[in-house]
Amino acid sequence: MNNKIHESLDSIKLSTEDENRILDNIYTLHEKKTFVKRNRRRVLVILSVFLLCSITGITLYAAIHHDVSISVKDNDSLMNERTLSFSVNDPDIRIPADSFSAAMVKESRDTLNEQFSSYDPLSSSSPDLIIKYFSTIESSLEYLGYPVFYPKINIRYNTVTMYIWGNSFGEITEVILTVDYHPSSSASFCNVIHLFTDKYDGAIKIDYIINDQEDNNVTTSNYIENGREFLVAAYKSSNPDWTSKVVFWQEDSAVYELQLRFTKAGENEAETYMSDWMNSFK
């Protein structure tokens, strides 16, 4: 797993300012988490996104609106890895690749074309990924230009990051918007929105590569609130003082995640913000 993380980090070219921002974010968290996506050799490492731990055979199904599911399976590997998958079988979830703001479409096209034209197949760099940072949620949504709903959490946020995936034609295939919150020393949250375009190849699936270092008691549930049925999974992290929880929801053309990590002292705080997040959907 460490080799994969190092290879992924090598594939992302960052400025000194960006590197310092990421390092600050790592040290803010009590435990580094990795979010690894595999699609046509793509590897994305999002250091601020919490991961769900492992258990075999757990599957959840949403009963409202869309056919979605969570599943965990063992990988064919000697590294005790498992894959957590959130799958969406809604054929209408893909949006046109030019649905975003003119600035985002043009800048992404130019950057992708440049990255692909200078790509060395023998290197570990990833030409199909662009990372952008924003000072506010509003500015990120303005740049996005697509009328996606943002589920608000009524606390101050820390970082706003957009991950833009594209192809060799300069077309956007997928966008991930993440917003990190660290309201106290006993609770941390991450709000994630996924958008997929009509240039995205294959099934709509969000995969996490999990390092299974110890047995964990994973609990799963269908959480009904605000007229919706959310998929929720929780587990004890490698630090027994901390609990992690992930909430999934798909509505219209977006897949939403709320990822929470909290101690016993922060449990009520986490439950309050999870409820606020669920009830923010209109």
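Data block above holds the structure.
A brief structural summary.

Definitions and limits used
- Residues numbered from 1 in each chain as written.
- Predicted model: local features only at pLDDT ≥ 70, side-chain atom pairs only at ≥ 80, totals over all residues.
- Heavy atoms only, no water.
- Phe/Tyr/Trp six-rings, centres within 6.5 Å; stacked < 30°, edge-to-face > 60°.
- Helix = DSSP H or I, 4+ residues; strand = E, 2+ residues; numbered from the N terminus.
- Buried < 20%, exposed > 50% of the residue type's maximum accessible area, 1.4 Å probe, protein only.
- Pairing = 2+ DSSP bridges.

Summed over all chains, the structure comprises eleven aromatic pairs. Both rings, one in F189 and one in Y273, keep their centres 5.3 Å apart while their planes meet at 65°; by these two values the pair is edge-to-face. Residue F189 is located in strand β7 (residues 187–196), and its partner Y273 is located in helix α5 (residues 267–279); the two are separated by 84 residues in the primary sequence. Taken individually, F189 and Y273 each receive the classification buried, so the pair is uniform in this respect. Judged by centre distance (5.2 Å) and plane angle (90°), the ring pair of W277 and F281 falls under edge-to-face. Of the two residues, W277 and F281, both sit in the buried class. Through a chain of ring-to-ring contacts, three or more aromatic side chains come together here, namely F149, F230, W249, Y256, W277 and F281.

Let's shift gears to the pairing of strand β5 (residues 159–166). Counted residue by residue, β5 has eight buried out of eight residues, so it is predominantly covered. Here β5 shows no split at all, with T159, T161, Y163 and W165 on one side and V160, M162, I164 and G166 on the other all buried. Pairing of strand β4 (residues 129–134) with β5 involves six bridges; the strand directions are antiparallel. Across the sheet, the residue bridging to Y133 is T161, located in β5. Two strands pair when backbone bridges link them, and β5 and strand β6 (residues 172–184) are joined in this way by eight bridges, in the antiparallel orientation. Residue Y163 lies in a different strand from β6, and its bridge partner there is I176.

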